[in-house]
Amino acid sequence: MTETSEIIRSGACRIYIPRDSAALALGADRLARAVASEAARRGIAVDIVRNGSRGLFWLEPLVEVQTPSGRIGYSNVQASQVSAMFDSGWPACATQDGERPMPATDPDGSWQAGMPACVGRVDAIPYLAKQQRLTFARIGVTDPLDPVDYEAHGGLAGLRACLALDAEAACQTVLDSGLRGRGGAAFPAGIKWRTVSRAEARQKYVVCNADEGDSGTFADRLIMESDPFVLIEGVVIAALSVGATEGIVYVRSEYPHAIAALEAAIDVARREGWLGPDVLGSGRCCELRVAKAAGAYICGEETALLESLEGKRGVVRAKPPIPALSGLFGQPTLINNVITLASVPFIFAHGAQTYREFGMGRSQGTLPVQLAGNIRRGGLVELAFGVTLRTLLDEFGGGTASGRPAKAIQVGGPLGAYLPPAQWDLPMDYEAYAAVGAVVGHGGVVVHDDTADMAGLARYAMAFCALESCGKCTPCRIGSTRGVEVIERIQRGDTSSRQVRLLHDLCETMVSGSLCAMGGMTPFPVRSALEHFPADFGLPAGAGRCEAA
Ligand SMILES: Cc1cc2nc3c(=O)[nH]c(=O)nc-3n(C[C@H](O)[C@H](O)[C@H](O)COP(=O)(O)O)c2cc1C
Ligand code: SF4
């Protein structure tokens with residue numbers, strides 16, 4: 001029986017109101033209560049489903065009404081508008097509303113004076129329709145905590161496929177898919193899985209890195225709040241493939257709703273037999289728990305994360321040994337980002353080759369780009385690797401929120417380079433970005449308009465490193481503080497080549513002498529700002545380049 005025929009039979013109108021942090025921050029709980037009480041007062045049968053967000057944040061709270069011709073959306077709905085909406089025949093009128101022609105240029109157009117905008121069929125909104133959602137296929141579509149809904153939308157097919165494989169074949173599947181770590185370093189996931197799988201130990205662990213500290217990023221949060229089962233399924237597949245019996249998701253402490261959603265989903269999964277001593281009746285065991293992170297950016301670095309999980313201060317460990325051989329409590333540990341693990345159920349369900357058909361070069365599959373900063377339509381855009389920043393900014397983002405020309409885009413979090421307009425046609429691909437001194441990282445894209453002060457942003461990068469450094473090595477601990485001082489001298493007007501050379505030397509020392517990427521990558525935003533935007537430092541064109549200093 002389809003969802004629609006079920007509704008028609010029961011007579012209740014199904015209304016979806018999101019429950020993720022973005023919608024909650026904009027009053028979604030109050031709205032859900034208003035819809036429930038207004039419907040009850042009028043004797044209208046409604047079935048309210050608290051889904052997750054579709055990741056089209058400028059439309060939140062986005063309320064959807066199930067109709068025979070699909071789900072019809074209403075954007076930015078406020079509790080105070082609910083009574084008037086019911087007065088005008090809502091929600092029964094949704095089909096008719098959805099058939100109204102949408103303004104050609106803008107899906108945010110008004111429905112009726114004083115009413116929220118009807119955005120028509122949600123899956124036809126160009127921002128969504130143009131995406132290639134593999135990992136995020138279910139977000140906003142299903143009830144995040146309903147196991148029946150999960151299975152009805154393809155859930156568990158990957159885990160079932162994995163249970164039919166031995167460990168070597170399972171790791172080979174991940175290797176063949178071309179999946180690389182989505183946490184930042186882009187290391188081939190299959191190689192890591194095979195290393196842990198082949199390690200001899202009585203106890204192994206899977207640790208999911210959900211610390212998500214990069215500026216402008218929210219893909220991990222969206223998965224945990226909108227489709228937590230896909231992450232659970234990914235962790236179980238990983239655990240069975242590498243021979244681990246315990247998984248831990250280390251979640252950013254600033255994500256209370258994600259923690260609550262994940263914990264509730266773990267309880268459901270255990271009840272359903274997807275977790276526990278007998279995964280899907282296979283006789284194989286996988287336990288899973290959530291650990292609340294320590295609230296420091298460096299705790300996202302995998303070895304500092306392990307220290308934190310062991311109850312110690314988050315200080316980076318020297319490698320070797322690599323965590324895959326000696327990780328949590330000295331045991332072989334598979335550490336992967338949320339998106340890496342959440343991508344795995346699709347790969348097992350549809351085959352490595354299908355996943356590989358997306359992307360380019362050695363960047364296979366899809367990347368959930370997170371559009372943030374000064375952007376009109378911020379949100380999640382999952383597309384195959386190869387998309388350009390210009391497409392993301394113009395076609396998806398709709399330009400800057402301020403309406404001013406965009407000036408610089410920082411990709412890959414606070415340690416990522418600032419890309420000038422001349423680089424916005426580069427395909428998003430790990431190697432193409434590395435060739436220009438940039439990184440794709442976790443897919444965070446933060447837009448700045450022409451009022452941005454790039455010298456100030458370069459100073460901020462050094463100050464951020466000074467604040468967040470774990471302090472273990474000198475180039476990072478001391479270098480970042482000296483970096484702030486040099487940039488401040490340049491900002492005060494000492495634009496001599498001596499200062500510029502000093503800044504480059506300092507950057508070089510940090511890149512080559514730091515123990516981890518915190519100190520090693522802080523120079524990326526600094527050098528790119530200096531090279532591409534010399535005027536903001538009071539320098540003539542070309543004078544910010546390393547060779548010119
Ligand atoms: C300073 C710093 C912060 C990091 N923060 C995160 C983070 O928040 N989330 C994450 O998944 N990886 C983060 N990483 C990368 C991890 O160290 C590690 O490479 C990753 O968790 C491995 O998973 P993956 O192979 O699936 O990407 C960070 C690295 C550094 C150097
Ligand atoms: S680079 Fe910075 S954060 Fe990394 S180990 Fe050294 S001091 Fe710690």
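Owing to the predicted nature of the structure, the values given are computational and were not obtained by experimental measurement. (Residues numbered from 1 in each chain as written. Chains lettered and ligands numbered in written order. Predicted model: local features only at pLDDT ≥ 70, side-chain atom pairs only at ≥ 80, totals over all residues. Heavy atoms only, no water.)

Caption draft 1: Up close: the packing of helix H10 (residues 189-198) against helix H12 (residues 228-242). Direction vectors running N to C along H10 and H12 enclose 50°, while the axes themselves pass 8 Å from each other. With respect to their mutual orientation, H10 and H12 come out oblique. Residues Trp193, Val196 and Ser197 of H10 touch H12, and the partners they reach there are Ile237, Ala238, Ser241 and Val242. Per-class residue counts for the contact of H10 with H12 are five nonpolar, two polar and no charged. (Axes fitted to C-alpha atoms, helices over the stretch in contact; angles between N-to-C directions. Helix = DSSP H or I, 4+ residues; strand = E, 2+ residues; numbered from the N terminus. Parallel < 35°, antiparallel > 145°, perpendicular 65-115°, else oblique. Contact = heavy atoms within 4.5 Å. Nonpolar A, V, L, I, M, F, W, Y, C, P; charged D, E, K, R; others polar.)

Caption draft 2: Examining the domain arrangement of the protein chain more closely. What the domain assignment lists for the protein chain is domain 1 (3-125), domain 2 (147-357), domain 3 (359-449) and domain 4 (454-537). Distance between the C-alpha centres of domain 1 and domain 2: 34 Å. With eight residues of domain 1 at the contact, the number on the domain 2 side is six residues. Overall, the association of domain 1 and domain 2 removes approximately 650 Å² of surface from exposure, summing both partners, and the carbon and sulfur fraction of that is 57%. Of all residues in domain 1, Asp20, Ser21 and Phe57 bury the most surface against domain 2, accounting for 50% of the area lost on that side. Counting across the interface, domain 1 meets domain 2 through one salt bridge. Where arginine 221 meets aspartate 20, a salt bridge forms, and the shortest distance between an N and an O atom there is 3.6 Å. Inspection of the region where domain 1 meets domain 2 yields two residue pairs in polar contact (both at pLDDT 80 or more). (Domains from an automatic or database assignment. Buried area = accessible area lost by both parts, 1.4 Å probe. Salt bridge = Lys/Arg side-chain N within 4 Å of Asp/Glu carboxyl O. Polar contact = N/O pair within 3.5 Å; in protein donor to acceptor, adjacent residues only side chain to side chain.)

Caption draft 3: Quick peek at the sheet that holds strand E13 (residues 379-384). Within the open sheet, the five strands sit side by side as E13-E12-E16-E14-E15. Their pairing is mixed. Because the sheet does not close on itself, it has two edges, and the strands there are E13 and strand E15 (418-419). (Pairing = 2+ DSSP bridges.)

Caption draft 4: Representation of H12 within the structure. Here H12 spans 21 Å end to end across 15 residues, near enough to the 21 Å set by a 1.5 Å rise per residue. Across the 15 residues that make up H12, a large majority, 15, are buried. Immediately beyond the C-terminal end of H12, within one or two residues, lies glycine 243, with a positive phi of roughly 85°. (Expected span 1.5 Å × (residues − 1). Buried < 20%, exposed > 50% of the residue type's maximum accessible area, 1.4 Å probe, protein only.)

Caption draft 5: A look at the side chain of glutamate 60. Checked against the element boundaries, glutamate 60 lands in the loop between strand E2 (46-49) and strand E3 (63-67). The buried charged residue glutamate 60 lacks any salt bridge partner; its closest oppositely charged side chain belongs to arginine 54, at an N-O distance of 8.0 Å. Engagement of the side chain of glutamate 60 in a polar contact is seen with the side chain of serine 53, the distance being 2.8 Å. A polar side-chain atom of glutamate 60 sits 2.9 Å from the main-chain amide nitrogen of leucine 62. Excluding its chain neighbours within four sequence positions, the residues that come into contact with glutamate 60 are Pro18, Ala23, Leu26, Ser53, Arg54 and Asn76. (Lys, Arg positive; Asp, Glu negative; His and termini not counted.)

Caption draft 6: Quick peek at helix H19 (residues 454-468). In this model, H19 (15 residues) spans 21 Å end to end at C-alpha, consistent with the 21 Å of a helix rising 1.5 Å per residue. Looking at H19, one finds that the buried residues are Met454, Ala455, Leu457, Ala458, Ala461, Met462, Phe464, Cys465 and Glu468. The residue sitting at the N-terminus of H19 and contributing the capping side-chain oxygen is aspartate 453; that oxygen lies 3.1 Å from the backbone nitrogen of alanine 455.

Caption draft 7: Spotlight on the nonpolar core. If you look at the biggest cluster of nonpolar residues, it comprises 66 residues, and the most contacted ones within it are Trp193, Leu231, Ile232, Val251 and Leu262. A total of eleven residues in this core trace back to one element, the largest contributor, which is H12. Ignoring anything within four residues of it in the chain, the contact list for leucine 231 reads Cys208, Ile223, Met224, Val249, Leu262, Val338, Leu341 and Ala342. Val316, Tyr418, Val500 and Cys516 belong to the second largest nonpolar core, which has 38 residues in total. (Core = buried A, V, L, I, M, F, W, Y, C linked by side-chain atoms within 4.5 Å.)

Caption draft 8: Quick peek at the site of ligand 1. Around ligand 1 there are 20 residues in total, and Gly183, Glu302, Asn336, Asn337 and Thr340 lie nearest to it. With respect to ligand 1, the backbone of glycine 213 contributes an N or O atom lying 3.3 Å from an oxygen atom. Glutamate 302 is positioned such that a nitrogen or oxygen atom in its backbone is 2.9 Å from an oxygen atom of ligand 1. Residue assignment for the shell around ligand 1 shows that the elements contributing at least two residues are strand E9 (333-337) and helix H22 (517-521). (Near = heavy atom within 4 Å.)

Caption draft 9: Main features of the pairing of E9. Across the five residues that make up E9, a large majority, five, are buried. Covered by surrounding structure in E9 are Thr333, Ile335 and Asn337 together with Leu334 and Asn336, the residues of both alternating faces. Bridge count between strand E6 (residues 205-210) and E9: five bridges; the pairing is parallel. Across the sheet, asparagine 209 pairs through a bridge with asparagine 337, a residue of E9.

Caption draft 10: Local environment of the packing of aromatic side chains. Taken as a whole and assessed by the stated rule, the structure comprises twelve aromatic pairs. On the numbers, 4.5 Å between centres and 65° between planes, the contact of tryptophan 58 with tyrosine 127 is edge-to-face. Placement of tryptophan 58 in the loop between E2 and E3 and of tyrosine 127 in helix H6 (residues 126-129) is noted, with a sequence separation of 69 residues between them. An aromatic cluster is present here, built from Trp58, Tyr127 and Phe396 joined pairwise through their rings. Its end group placed over the ring of tyrosine 16, arginine 71 keeps NZ or CZ at 3.4 Å from the ring centre. (Phe/Tyr/Trp six-rings, centres within 6.5 Å; stacked < 30°, edge-to-face > 60°. Lys NZ or Arg CZ within 6 Å of the ring centre and 35° of its normal.)

Caption draft 11: How the structure looks around unusual backbone geometry. Of note, the bond from glutamate 60 into proline 61 is cis; its omega dihedral lies within 30 degrees of zero at -10°. Mapped onto the elements, proline 61 comes out in the loop between E2 and E3. Here the amide bond leading from tryptophan 90 into proline 91 is cis, since omega sits at 5°, within 30 degrees of zero. Here proline 91 shows up in the loop between helix H4 (82-87) and helix H5 (94-99). Residues other than glycine seldom take positive phi values, yet phenylalanine 329 does so here, at roughly 50°.

Caption draft 12: Geometry of the sheet that holds E6. Spatial strand order, E8-E7-E6-E9: four strands in an open sheet with parallel pairing. Both edges of this open sheet fall to strand E8 (287-292) and E9, since each of them pairs with a single strand only. Going across the sheet, the axis of each strand differs from the next one's by a mean of 20°, ignoring polarity. When E6 meets strand E7 (residues 246-251), the two strands line up parallel, connected through six bridges. Bridge pairing links valine 207 to isoleucine 248 in E7. Set on the sheet, H12 makes contact with E6, E7, E8 and E9; between it and E6 the angle comes to about 150°.

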